[in-house]
Number of protein chains: 2
Amino acid sequence: MDDLISFLRIPSISADPAYSTEVRRAAEFVRAWLDRAGLENAQLIDSPEAGAHPIVYADWTHAPGQPTLLLYGHYDVQPPDPLEEWISPPFEPTIRNGNLYARGAADDKGQLFILMESVAQTLRENRGHLPVNVKFLIEGEEESGGRHIDRFVTENAADLSADAAVICDTAMFAPEIPSITTGLRGIVYGEIHVEGAAHDLHSGDYGGVAPNALEATAQIIASLKSRDGKILISGIYDRVLPPSAAELEAWKRLPFDAEEFRRREVGSPALTGESDFDVLTRIWARPTLEVHGILGGYTGEGAKTVIPATATAKISLRLVPGQNPGEVASQLASAVAAACPAGVIAQFNLMHAAPPCLIDPENPFVKKAAQALEAAFGGSTAYIRCGGSIPIVGLFEQKLGIPSVLLGFGLPDDQIHAPNEKLLISNYLRGIACMIQYYELLRITPLVLPA
Amino acid sequence: MDDLISFLRIPSISADPAYSTEVRRAAEFVRAWLDRAGLENAQLIDSPEAGAHPIVYADWTHAPGQPTLLLYGHYDVQPPDPLEEWISPPFEPTIRNGNLYARGAADDKGQLFILMESVAQTLRENRGHLPVNVKFLIEGEEESGGRHIDRFVTENAADLSADAAVICDTAMFAPEIPSITTGLRGIVYGEIHVEGAAHDLHSGDYGGVAPNALEATAQIIASLKSRDGKILISGIYDRVLPPSAAELEAWKRLPFDAEEFRRREVGSPALTGESDFDVLTRIWARPTLEVHGILGGYTGEGAKTVIPATATAKISLRLVPGQNPGEVASQLASAVAAACPAGVIAQFNLMHAAPPCLIDPENPFVKKAAQALEAAFGGSTAYIRCGGSIPIVGLFEQKLGIPSVLLGFGLPDDQIHAPNEKLLISNYLRGIACMIQYYELLRITPLVLPA
């Protein structure tokens, strides 16, 4: 725990260039720690791009014939704002009620340390040996959307070859419910740009004849989704693969109360969306379209009577298995063009995309992870999905051809990306025990027997 | 002209507190100038409110039995941004091609000086006498929306009693077409505020079940106006008074080309709005609804996947004769509530309102103004309307019970509120000649004869 606490003290905020020295200090901390623990080839990998943060790599590959795990995590953290809402300062780790509070406690320094500590303990206990081969790949741009990892994995696919990736960057469904995430939504994110008049006009002089770019934007947005949550983009649902009957059945057994979820997590007068699907299915297995911001005109104090000549809306679609980001982006672009009112020109510009992912729960790396989880936590493993996107999973699948095992030891109330982020200390310890057990379960006994 | 140039050098930007000393300097300039010119009771009237700018008052009331004119103008100006687009600096008045370029040249320092100079010349030429009584009321908050003038007129209605107000703060319909404005649209301006979740949420974790305040705002806005420009607020057109057949006939005779207007003034692919009314009627005599800004979510660089919990849209309606601001505000509030989708609460908050105004062209003060215009400019006077709102006209009507004569000597391309504002010097000179003539035309001959 002392080393984790030292690690959490480093404000490795990757999105803020003012902290670049601290980000590098965190990378070097991880590298040196892995080196001392007995990992080999521990190194920082820099990107030639200005402002990029290094990747930490280290491996131990002396178990011939045994599986190789690519252990992924990130050492960077979200900005801690708003600072005044923290009970104890974000970079002064503090223990209260069995929880360790600090920025990065759950996302992802604490969970990364589960991987690091479990390998280190196994090496100590087995006199420098592991039951499996491991390659650590730890990045510093997860929270800032950097592309260093993409390029590195793409260009070094052969060196990174492995049988499965293990990612500890998700949460359990609920306390005491060991969980493996087997599905992620993808994303298509971009901007709708609308242009009307040559410049902003005065609504007294031109109101009634000049196009209003913000009104056109509102009309386009309103045309893309019905009030009951159906996306009105032609063809959007054509390739959607519904979850299996078994999966849906399993989700129904999860301890989940939609009304409590509404009250405690959302806080709105009502939940919205497709009423013919239950809440978990809507989040995990249905596409959604969301508007994130609308820029244009005047939004300061007081009243200005401008007719905005241009407007931009940030918009995204979350994709589910079966959907293809490229196809969805083009369907969205067509829908925007079709919905564009007279007097303006509207265009969708793609900013980034990630594919949805499905991980087969029958995959042996997943099944053994479930066994290890059950040994450490008791109970039976819940196979859940995540409504968010973890682009690295798609990258590993595409470039390395390997599945990812998404083993999360966080909890839904860990306040990641928010003030008072925490990690339950007992989960941290059980996570280490689970991983030690996992390496052992993955050992292919016949192959290590002497001939 | 020298005095006007000195006046234009003062950067009396009322909206920017950094210029409050300059605003006061402009007020004092006007007061001292009127005093020297032979006006009486020249004074600055301060408001107890912090940040308010003084009113300049001066009068000459020694023509018993003759009409009294309330001469209104404003000595403050709009901010000059963007500075880099000015050919000559905004506060260094420069003459090019017969125009005087400076911030305030047309709006309103130059036109105010027409009133000041015409009175001063008349006093000089008549050995300290005028054919009519005059009261100057010159404010410094016209461009910043200050309320000092409202309170002053309301509280001093008896002292300000007059037979008509004269306002030189509008433009001619086109060069060489002497114009009097006989109708103004009113305005109802406010904000639609939408609240959904208790706080912003992540679209991965909540997209598909949580309400999106920006989407709700877009849906509400899209429901308030059809794509062909009809306002869809119940009852909104009930009290609209159409222009008279004679007025419509006169507008048709004005030199106006809608295609040229689109190309040169608007610059959009097409004009929009109610296609069953021509362009001038749409601007002058039809209500319009415009959205001026939408605040909520994330509009910075890059991509954030926030589901906004709240959003605010600035919105206004322009009103035409017959419509009542209070009733329209309440119709809009009801329409917003009715259009509010599930999962959010939406509310309209009124910020300000001004009634529409109609001025009878048969009013003798208007008819004599037309005569004076025709004497100075030649041709026949066009009675036009203005799509904007001049709240002072409604104030004079309500509190003083007097009509306003809207005599404008600006031109449509004077670039008021924009870089390279100008005033045609020959219009300035003809404006002074017109006003001198006007005072003379208003003299009621029988009453000034000795008994």
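Residues numbered from 1 in each chain as written. Chains lettered and ligands numbered in written order. Predicted model: local features only at pLDDT ≥ 70, side-chain atom pairs only at ≥ 80, totals over all residues.

1. Quick word on the overall build of chain A
For chain A, the helix and strand inventory stands at 14 helices and 18 strands. If you line up chain A on its principal axes, its C-alpha atoms span 85 × 50 × 45 Å. Counting across all 451 residues of chain A, residues that qualify as buried make up 54%. Pairs at least 24 residues apart make up 78% of the contacts formed inside chain A by residues separated by at least 6 positions. (Helix = DSSP H or I, 4+ residues; strand = E, 2+ residues; numbered from the N terminus. Buried ≥ 20, exposed ≤ 12 C-beta atoms within 10 Å, placed from the backbone. Contact = placed C-beta atoms within 7 Å.)

2. Some points on the domain arrangement of chain A
All names here are of chain A. Taken domain by domain, chain A comprises domain 1 (2-184 + 357-448) and domain 2 (186-240 + 287-354). Its C-alpha centre places domain 1 at a distance of 37 Å from the equivalent point of domain 2. With six residues of domain 1 at the contact, the number on the domain 2 side is five residues. Each residue belonging to the side of domain 1 that touches domain 2 can be placed in one class, and the counts come to two nonpolar, four polar and no charged. (Domains from an automatic or database assignment. Nonpolar A, V, L, I, M, F, W, Y, C, P; charged D, E, K, R; others polar.)

3. Remarks on the relation of the copies chain A and chain B
Between the two copies of this chain, the relationship is a rotation about some axis together with a displacement along it. For these two chains of identical sequence, chain A goes onto chain B by a turn of 180 degrees and a shift of 0.2 Å along the axis, with RMSD 0.2 Å. Seen this way, the second copy is the image of the first under a two-fold rotation axis. Every residue of chain A has its C-alpha some distance from the rotation axis, and the shortest such distance is that of A218 of chain A, at 2.2 Å. An overlap of 100% is found between the interface residues of chain A and their copies at the interface of chain B, pointing to a shared contact surface. (Least-squares fit on C-alpha atoms with pLDDT ≥ 70 in both.)

4. A few points about helix α2 (residues 20-37) of chain B
Residues and elements named next belong to chain B. An ideal rise of 1.5 Å per residue puts 26 Å on 18 residues; α2 measures up with 26 Å between its terminal C-alpha atoms. The set of residues buried in α2 consists of V23, A26, A27, V30, R31, W33 and L34. Taken end-on, α2 shows its buried residues confined to a sector of 165 degrees, consistent with a single buried face. Turned more than 90 degrees off the buried face of α2, the exposed positions are T21, A32 and R36. Looking at the buried residues of α2, the elements they touch are α1 (2-8), β1 (40-45), β2 (55-60), α3 (109-125) and β6 (133-139). Where α2 ends, the next residue or the one after it, G38, has phi of about 110 degrees, a positive value. (Expected span 1.5 Å × (residues − 1). Arc of directions from axis to C-beta.)

5. Thoughts on the sheet that holds strand β4 (residues 94-96) of chain A
Residues and elements named next belong to chain A. One open sheet holds the three strands; their spatial order is β4-β5-β18, and the pairing between them is antiparallel. The open sheet has two edge strands with one neighbour each: β4 and β18 (422-424). Along the sheet, successive strands turn relative to each other by an average axial angle of 25 degrees, direction set aside. Sheet topology note: the β4/strand β5 (residues 99-101) ladder contains three bridges and is antiparallel. Residue pairing across strands places R96 opposite N99, the latter belonging to β5. Strands in contact with helix α13 (residues 425-442) are β5 and β18; relative to β18, the strand with the most contacts, it is inclined by about 60 degrees. (Pairing = 2+ DSSP bridges. Axes fitted to C-alpha atoms, helices over the stretch in contact; angles between N-to-C directions.)

6. Thoughts on unusual backbone geometry
Residue and element names in this part refer to chain A. Following D81, the chain continues into P82 via a peptide bond in cis, with omega recorded as -5 degrees. Considering the arrangement of structural elements, one finds P82 in the loop between β3 (68-74) and β4. Positive phi outside glycine occurs at R127, with the angle close to 50 degrees. By the element assignment, R127 lies in the loop between α3 (109-125) and β6 (133-139).

7. Some thoughts on the pairing of β2 of chain B
All names here are of chain B. The element β2 is extensively covered by neighbouring structure, given that six of its six residues are classed as buried. Burial along β2 is two-sided: I55, Y57 and D59 facing one way and V56, A58 and W60 facing the other are all buried. Note that β1 and β2 share four bridges and pair antiparallel. Considered in β2, the bridge of I45 is made with I55.

8. Regarding the sheet that holds strand β13 (residues 310-319) of chain B
Note on sheets: strands pair through backbone hydrogen bonds, and any given pair is parallel or antiparallel. All names here are of chain B. Spatially, β11-β13-β9-β14 is the arrangement adopted by the four strands of the open sheet, whose pairing is antiparallel. The open sheet has two edge strands, β11 (288-295) and β14 (345-354), and neither has a second partner. Averaged over all neighbouring strand pairs, the angle between strand axes comes to 20 degrees, with direction disregarded. Sheet topology places β11 next to β13; seven bridges connect them, and they run antiparallel. In the sheet register, V291 faces β13, and the bridge partner there is I315. Helix α10 (residues 325-339) contacts β9 (186-195), β13 and β14 of the sheet and is inclined by roughly 165 degrees relative to β14.

9. What to know about the interface of chain A and chain B
Each partner contributes to the interface: chain A provides 68 residues, whereas chain B provides 68 residues. Contributions of two or more residues to the side of chain A that touches chain B are made by β10 (201-202), α5 (203-206), α6 (213-224), α9 (279-285), β11 (288-295), β12 (306-307), β13 (310-319) and β14 (345-354) of chain A. Element by element, the count of residues in the side of chain A that touches chain B is highest for β11 of chain A, at seven residues. Looking at the side of chain A that touches chain B residue by residue, the classes come out as 30 nonpolar, 27 polar and eleven charged.

10. Some words on the confidence of the model for chain A
If pLDDT is low for a region, its predicted coordinates should not be looked at in detail. All names here are of chain A. For chain A, mean pLDDT is 95; residues scoring 70 or higher make up 99% of the total. Residue range residues 447-451 is modelled with pLDDT below 50. Its contacts to residues more than four positions away, or to other chains, number five contacts. ipTM for the predicted complex: 0.91, alongside a pTM of 0.90. (pLDDT = per-residue confidence, 0-100.)

11. Regarding the pairing of β6 of chain B
Residue and element names in this part refer to chain B. Of all the seven residues making up β6, seven are buried; the element is thus mostly covered by neighbouring parts of the structure. Neither face of β6 is open: one carries N133, K135, L137 and E139, the other V134, F136 and I138, and all of them are buried. The pairing of β2 with β6 spans five bridges and is antiparallel. Bridged to Y57 within β6 is L137. In this structure, strand β3 (residues 68-74) lies alongside β6, joined through seven bridges in parallel fashion. Bridged to H74 within β6 is E139.

12. A few points about the nonpolar core
Among the nonpolar cores identified, the biggest contains 103 residues, and V188 and L332 of chain A together with V188 and L332 of chain B are the most heavily contacted of them. Among all residues touching L332 of chain B, those that are not within four sequence positions of it are V188, I233, L317 and F348 of chain B. (Core = buried A, V, L, I, M, F, W, Y, C linked by C-beta atoms within 7 Å.)

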